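What the coordinates show
This is what each chain is made of:
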Amino acid sequence: MEEALRHFYQQLHWSGLGLAILVSLTALAKAADWLVDEAVALSERSGLPKSIIGATIVSLGTTTPEVAVSVLAAIKGSPGLALGNAVGSIICDTGLILGLISIMAPLRLDRRIVNRQGWVQIGAALALVAASFPWRWPESFLSAGGNLSQAAGFVFLLALAAYLWVSARWVQQDWVQEDALLEVHERDVAAAIPLIIAKLIVGLALVVLSAQVLIPAVIEAADRLHVPESVIAATVVAFGTSLPELVTALAAARRGHGELAVGTIIGADILNVLFVAGAAAA
C-alpha cells in the first residue's frame, strides 16, 4: 500500500498533493474526534466518574492522531517525521491554541495547574532534550543531531502510566468541573454497548488508515521542496494532528472554563512527549 501511494503521489500536481494532505489531515482529526466520542460513551456506560474520564480518556483520545502518525512514521523508517510531529504539536498547542483561547476570553490561571502539571510539563520537555542529546559526542549535536533510543521510549511510556495514575488521583482529591470538556464528546452515551464498541473499532481503524495515507504524501512534499521531513512534520502535520486539542480547548473556553482549557493544553504537551515521542521511539 505504501509503495502504491508513493507512486500515486509522485504523479500528482502540487495542487493535488496539497489537497491529499489536507483531506487526510481532516479525516484524521474527524476520526480522532469520533474515537474520543465512543471512548467517552463506553467509559460513561461502565460507570466511571466524569472527572476520571476527562483526566485520562479525553486527554489520550485527543492525542491519538499524533501517536498514529509518529508511530507509523517510525515503523516506516522516517524518524524526522515521527519526532518532528511530536515537537511541532507541542509548539502548536502552546503557541497557536493557547493564543487563540487567550484572545477569546481572559484565562484564570489555576495555581494547582502551575504547581502540578506545569512542572510535569517542564520536566517532560527537559527529559526529551536530555534523552535525545548525544552525550558521548556532544560536539556533534549541532551538526548531526541526537538520537531518542528505544530504551528511552519505554521509560517515557512507564512515566506516562505513572502520570495518568497520578492525574486520576489529583482529580479525585479536588473538586474539578470536567463537564465543559466532556459535553463536546457525549453524543452517544445512550447507545447500546455493542454499537459503541463497533464505532470505537471503526474510529481507531480510520485514524490508522488516515495516518497511513498522510505519511507518504508528507514524504513526497518534503522531497519536492528539498527540506527535511521534520520541517514539514513540525508545521503542516503538527497543525493537522492538533485539531482535536483545538476543538476541545475552544469548547471549554467558550463555556467559560478557561482554566480547564489551559489544563488541556498543558496535558497535551506532556502527552506529546511521554505518549507520542515515547511510543514512536519504543
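Let me begin by describing the structure that accompanies this report. Since we're looking at a predicted model, the values are computed, not measured.

1. A word on the environment of Gly-267
- Examined against the element boundaries, Gly-267 turns out to sit in helix H13 (residues 258-281).
- Classification of Gly-267 as buried rests on a relative accessible area of 6%.
- Between the C-alpha atoms of Gly-267 and Thr-63, which are 204 residues apart in sequence, the distance is 9.8 Å.
- Those residues in contact with Gly-267 that sit more than four places away from it in its chain are Gln-117 and Tyr-163.

2. So, the nonpolar core
- Counting 29 residues, the largest nonpolar core has Val-69, Leu-81, Val-207, Leu-214, Ile-215 and Val-237 as its most contacted members.
- Secondary-structure elements contributing two or more residues to this core are helix H1 (2-11), helix H2 (14-45), helix H4 (64-75), helix H5 (79-104), helix H10 (193-225) and helix H11 (229-241).
- Beyond its immediate sequence surroundings of up to four residues, Ile-215 is in contact with Val-69, Leu-72, Ala-73, Lys-76 and Leu-81.
- In this structure, Ala-86, Leu-164, Val-273 and Phe-275 belong to the second largest nonpolar core, which totals 21 residues.

3. Observations regarding the packing of H11 against helix H12 (residues 243-254)
- Between H11 and H12, the least distance of the axes is 4 Å, while the angle of their chain directions is 50°. Taken together, the axes of H11 and H12 are oblique relative to one another. Touching Phe-239, Gly-240 and Thr-241 of H11 are Leu-243, Pro-244 and Glu-245, all from H12.
- A class-by-class count of the residues in the contact of H11 with H12 yields three nonpolar, two polar and one charged.

4. Observations concerning unusual backbone geometry
- Phi angles above zero are rare outside glycine, and His-226 is one such case at about 60°.
- Note that His-226 resides in the loop between H10 and H11.
- The exposed category is assigned to His-226, whose relative accessible area is 72%.

5. Points about H10
- The end-to-end C-alpha distance of H10 is 48 Å, a good match for the 48 Å that 33 residues give at a rise of 1.5 Å each.
- Within two residues after H10, His-226 carries a phi angle of roughly 60°, on the positive side.

6. Some remarks on a nonpolar patch on the surface
- Nonpolar side chains collect at one region of the surface, where Trp-14, Leu-225, Val-227 and Val-231 lie side by side and expose about 320 Å² of accessible area between them.
- Along the chain, the position of Trp-14 falls in helix H2.

7. What about the side chain of Asp-93?
- For Asp-93, the location among the structural elements is in helix H5.
- Asp-93 sits in the buried class, given a relative accessible area of 0%.
- Within polar-contact distance, the side chain of Asp-93 engages the side chain of Ser-242 at 3.5 Å.
- Setting aside anything within four residues of it in sequence, one finds Asp-93 in contact with Leu-98, Ser-242, Glu-245, Ile-265, Ala-268, Asp-269 and Asn-272.

8. Description of the pattern of salt bridges
- Counting across every chain of the model gives one salt bridge.
- The shortest N-O distance in the salt bridge between Glu-220 and Arg-224 comes to 2.9 Å. Of the two residues, Glu-220 and Arg-224 both sit in helix H10, four residues apart, roughly one turn of that helix.
- Residue classification places Glu-220 among the buried positions, given a relative accessible area of 7%.
- With relative accessibility at 22%, the residue Arg-224 sits in the partly exposed group.

About the criteria used
Residues numbered from 1 in each chain as written. Predicted model: local features only at pLDDT ≥ 70, side-chain atom pairs only at ≥ 80, totals over all residues. Heavy atoms only, no water. Helix = DSSP H or I, 4+ residues; strand = E, 2+ residues; numbered from the N terminus. Buried < 20%, exposed > 50% of the residue type's maximum accessible area, 1.4 Å probe, protein only. Contact = heavy atoms within 4.5 Å. Core = buried A, V, L, I, M, F, W, Y, C linked by side-chain atoms within 4.5 Å. Axes fitted to C-alpha atoms, helices over the stretch in contact; angles between N-to-C directions. Parallel < 35°, antiparallel > 145°, perpendicular 65-115°, else oblique. Nonpolar A, V, L, I, M, F, W, Y, C, P; charged D, E, K, R; others polar. Expected span 1.5 Å × (residues − 1). Patch = residues over 30% accessible without salt bridge, like charges linked within 9 Å, V, L, I, M, F, W, Y side chains within 5 Å. Areas by Shrake-Rupley, 256 points an atom, 1.4 Å probe, with all protein chains shown as cover. Salt bridge = Lys/Arg side-chain N within 4 Å of Asp/Glu carboxyl O. Polar contact = N/O pair within 3.5 Å; in protein donor to acceptor, adjacent residues only side chain to side chain.

As far as function goes, none of this settles anything; it's purely spatial.
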